[in-house]
There are 2 protein chains.
Amino acid sequence: MGAVNPVGTVTAATAADRVDRVPKQDRSRATRQRLLEAAVACLAEHGWAGSTVTVVAERAGVSRGAAQHHFPTREDLFTAAVEYVAEERSGALRELFPQGAAGDRRAVVSALVDLYTGPLFRAALHLWVAASNEDQLRPRVTELEARVGRETHRIAVDLLAADETRLGVRETVQGLLDMARGLGLANLLTDDAQRRDRVVTQWAALLDEALG
Amino acid sequence: MGAVNPVGTVTAATAADRVDRVPKQDRSRATRQRLLEAAVACLAEHGWAGSTVTVVAERAGVSRGAAQHHFPTREDLFTAAVEYVAEERSGALRELFPQGAAGDRRAVVSALVDLYTGPLFRAALHLWVAASNEDQLRPRVTELEARVGRETHRIAVDLLAADETRLGVRETVQGLLDMARGLGLANLLTDDAQRRDRVVTQWAALLDEALG
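Here the structure is a predicted model, which is why all the values come from computation and not from measurement. (Residues numbered from 1 in each chain as written. Chains lettered and ligands numbered in written order. Predicted model: local features only at pLDDT ≥ 70, side-chain atom pairs only at ≥ 80, totals over all residues. Heavy atoms only, no water.)

**A word on the side chain of R195(A)**
Rules: Under the DSSP-based scheme used, a helix requires at least four consecutive residues in state H or I and a strand at least two consecutive residues in state E, with every element numbered from the N terminus. Pairs of N or O atoms are called polar contacts if they sit within 3.5 Å, as long as, within protein, a hydrogen donor faces a hydrogen acceptor (for residues adjacent in sequence, only side-chain-to-side-chain pairs). Here a residue-residue contact requires only that any non-hydrogen atoms of the pair lie within 4.5 Å.
By secondary structure assignment, the location of R195(A) is in helix α9 (residues 193-211). Among the polar contacts listed, one links the side chain of R195(A) to the side chain of D192(A), at a separation of 3.0 Å. Ignoring anything within four residues of it in the chain, the contact list for R195(A) reads L183(A), A186(A), Q174(B) and D178(B).

**Brief notes about the packing of aromatic side chains**
All names here are of chain B. Formally: In summary, the pairing rule links any two rings of Phe, Tyr or Trp, Trp by its six-membered ring, whose centres are within 6.5 Å, and it sorts them by plane angle into stacked for under 30 degrees, edge-to-face for over 60 and tilted for everything else. Exposure categories follow from relative accessible area, calculated using a 1.4 Å probe and restricted to protein chains: below 20% of the type maximum is buried, above 50% is exposed, and the middle band is partly exposed. Geometrically, a charge over a ring is one whose NZ (Lys) or CZ (Arg) sits within 6 Å of the ring centre while staying within 35 degrees of the ring normal.
Using the criterion set out here, one finds 7 aromatic pairs over all chains in the structure. Centre to centre, the rings of Y116 and F121 are 6.0 Å apart; their planes meet at 65 degrees, and the pair counts as edge-to-face. A single burial state applies to Y116 and to F121, both of which are buried. Both rings, one in F121 and one in W128, keep their centres 5.8 Å apart while their planes meet at 80 degrees; by these two values the pair is edge-to-face. Residues F121 and W128 agree in their burial class; the two are buried. The cationic tip of R74 hangs over the ring face of W48; the distance from NZ or CZ to the ring centre is 3.9 Å.

**Details of the relation of the copies chain A and chain B**
The following threshold applies: Copy-to-copy superposition: least squares on the C-alpha atoms, limited to residues that have pLDDT of at least 70 in both copies.
Taken as rigid bodies, chain A and chain B are interconverted by a rotation of 180 degrees and an axial shift of 0.0 Å, the fit giving an RMSD of 0.0 Å. When the rotation and shift are considered jointly, the pair of chain copies conforms to a two-fold rotation axis. A shared interface surface links the copies, since 100% of the contact residues of chain A are contact residues in chain B too.

**Regarding helix α2 (residues 53-60) of chain A**
All names here are of chain A. What counts is decided by this rule: Our arc is simply the arc of the directions from the helix axis toward the C-beta atoms.
All of the buried residues in α2 are V53, V56, A57 and A60. Summarising the axial view, the buried residues of α2 lie within an arc of 100 degrees, below the 170-degree limit, and thus occupy one face. Looking one or two residues beyond α2, the residue adopting positive phi is G61, at roughly 70 degrees.

**Some words on the pattern of salt bridges**
Stated formally: Should a side-chain nitrogen of Lys or Arg be within 4 Å of a carboxyl oxygen of Asp or Glu, the pair is scored as a salt bridge.
Applying the stated criterion to the full structure yields 30 salt bridges over all chains. Put simply, D178(A) and R195(B) hold a salt bridge, and the shortest N to O gap is 2.9 Å. Of this pair, D178(A) sits in helix α8 (residues 169-186) while R195(B) sits in helix α9 (residues 193-211), placing the two residues on different chains. One exposure class covers both D178(A) and R195(B), and it is buried. Members of the salt-bridge network, linked through shared partners, are D178(A), R181(A), D192(B) and R195(B).

**Side note on the side chain of T117(B)**
Residue and element names in this part refer to chain B. Assignment of secondary structure puts T117 in the loop between α5 (105-114) and α6 (119-133). Classification of T117 as buried rests on a relative accessible area of 12%. Those residues in contact with T117 that lie beyond four places of it in its chain are R89, G184, N187 and R196.

Structure follows, in structure tokens:
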């Protein structure tokens, strides 16, 4: 439209090219992120059976082709989605206590348990349950789960100032994370917040004593 | 065939009637039980999406009509199935310690945790996850879960000789059952028996100290 003289045309093309290239990367990253967030929400709300690339693409406002460009398979999309949010949550947990937890173990236990309630846990749970029956999904989800589990354990040990060279301390922290996972499961069908709060208070006290 | 004289005929009919009536009840009970067991196995192996009345009837070797006579809807069949096995497991837990647990809290914790691994937990988990997304299923599963939860808590308090009049004891036992549920979940994708055993040993010791 503005291409009336050759120089103008070239200039416009170069600018357009530059303008176009940078946002393309940004757009691509934004699209990927929208897809991942839509996938988690979809998995949490509709479960594995109701979560297809088409449904997620629609929810994200992205074409099916663009979605498949980012994630060739349904398994790629959903393991990436749960991994993405798991990393976000680990980051958030670290940011809660940027200077360390300063000995407030009740606060750490509460924050750890919070990791296992809400939409991420719900989405992860759907993925685990689906993976237990779907051979294509199982190895990737198992690997992801092991990685997230190790990372969470490291953060927990760190924030609780737990000395793992002492006998039983490793298992004490593991049991705490198992309890957190069980509390997440108990929250699946009903709002279990009040009971959970009392259990957290009690076990934080027991843990504090056990860790010394 | 033996109906050559009226008396004989009547006698035969009465006997046939009697013979027929008792086994009919037995057959009905056996059919119901086969359907419930097939439903649990099916739910554990294939998840909610793969578990229909037709699939379960086929697995149990029962006609679809007979299955629907016992359980008019899919929800009826699956909540009954999980309830049935939950009751079997509660009974089995009580039978493990017919004279009480004689103070062996490690054995009690281990037996409680065992309730949450294996096919029953797996089936229940599929049911919970399905119920979280299916409005028709949710109220019944929530009610069932609350009932099974209360029963398990009562058994645990009893076997652990826990004095719930003492502050925090109720929450200590609840946290233990949450941990057991979380350990069940950790066992979903991989065989977690070795790690679980170490966590059970450690937490049984913490619990023993807490309960006094």
